[in-house]
Amino acid sequence: MKLNSIGLNADKSKELSNDLNSLLANFQRYYQNLRGIHWNVKGKGFFDLHVKFEELYTDANAKVDMIAERVLTLGGIPQHTFEDYIANSKVPVGKNVTKDEDAIRLIVDSLKELLIIERRILDASDEARDEGTNAMMSDFITEQEKTVWMMKAWLAEEI
């Protein structure tokens, strides 16, 4: 078994890097959705939601950077074109979303897709003994589960 510079199995690191690139593509689409709903939401909840969506897209932007840097740490090359993001993402596209309820549903649906990918990466990083990726995924999952709960509460729906 060949180890890379950080002491991990090189083949498993390459696989994790590919999985992280998939997460990166999906996070970029999520980020763009958040920007769009931040700009376009209308209605009586505008002031509160406008601030909340900015908080979420600022956080998503930071996570995009963290994911890309982890790809680099594992020896990969982060995807960085819209073409890559479109081809490799499953997060739904939110185009011209202006209604508050539709915006919140878009966030919940997007986070559901991200959580599926993150749990897959969590399992793979655990198997690879990659604590750095594992810790990152664990932190992301914890934060996003709470966000889903809060958004579902706003929608008056069960988790």
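These numbers come from a predicted model, not from an experiment.

**Notes on the environment of M1**
Residue placement: M1 occurs in the segment before α1 (10–40). Judged by relative accessible area, M1 falls into the exposed class, the value being 80%. With 10 residues separating them along the chain, M1 and D11 place their C-alpha atoms 8.6 Å apart.

**Overview of the nonpolar core**
Counting residues in hydrophobic clusters, the biggest one holds 43 residues, and the most contacted among them are L23, F27, Y30, F53 and I107. Counting residues per element, the ones that place at least two in this core are α1, α2 (46–73), α4 (100–127) and α5 (131–154). Ignoring sequence-local partners within four residues, the contact set of F27 consists of A60, K63, V64, I67, L114, E118, F140 and Q144.

**Details of the packing of aromatic side chains**
Overall, the coordinates contain five aromatic pairs when judged by the stated rule. Considering the side-chain rings of F27 and Y30, the 5.9 Å spacing of their centres and the 80 degrees angle between planes classify their relative orientation as edge-to-face. Placement of both F27 and Y30 in helix α1 is noted, with a separation of three residues, approximately one turn of the helix. A relative accessible area of 1% means that F27 is categorised as buried. On the basis of an interplanar angle of 75 degrees and a centroid distance of 5.3 Å, the ring pair of F46 and F47 is categorised as edge-to-face. By relative accessible area, F47 is classed as exposed at 66%. Taken together, the ring pairs connect F27, Y30 and F140 into an aromatic cluster.

**Describing the side chain of N9**
With respect to the secondary-structure elements, N9 resides in the segment before α1. Overall, the relative accessible area of 15% leaves N9 in the buried class. A polar contact is formed between the side chain of N9 and the backbone nitrogen of D11, at a distance of 2.8 Å. Excluding residues that lie within four positions of it along the chain, N9 makes contacts with M1, K2 and L3.

Calculation notes
- Residues numbered from 1 in each chain as written.
- Predicted model: local features only at pLDDT ≥ 70, side-chain atom pairs only at ≥ 80, totals over all residues.
- Heavy atoms only, no water.
- Helix = DSSP H or I, 4+ residues; strand = E, 2+ residues; numbered from the N terminus.
- Buried < 20%, exposed > 50% of the residue type's maximum accessible area, 1.4 Å probe, protein only.
- Core = buried A, V, L, I, M, F, W, Y, C linked by side-chain atoms within 4.5 Å.
- Contact = heavy atoms within 4.5 Å.
- Phe/Tyr/Trp six-rings, centres within 6.5 Å; stacked < 30°, edge-to-face > 60°.
- Polar contact = N/O pair within 3.5 Å; in protein donor to acceptor, adjacent residues only side chain to side chain.

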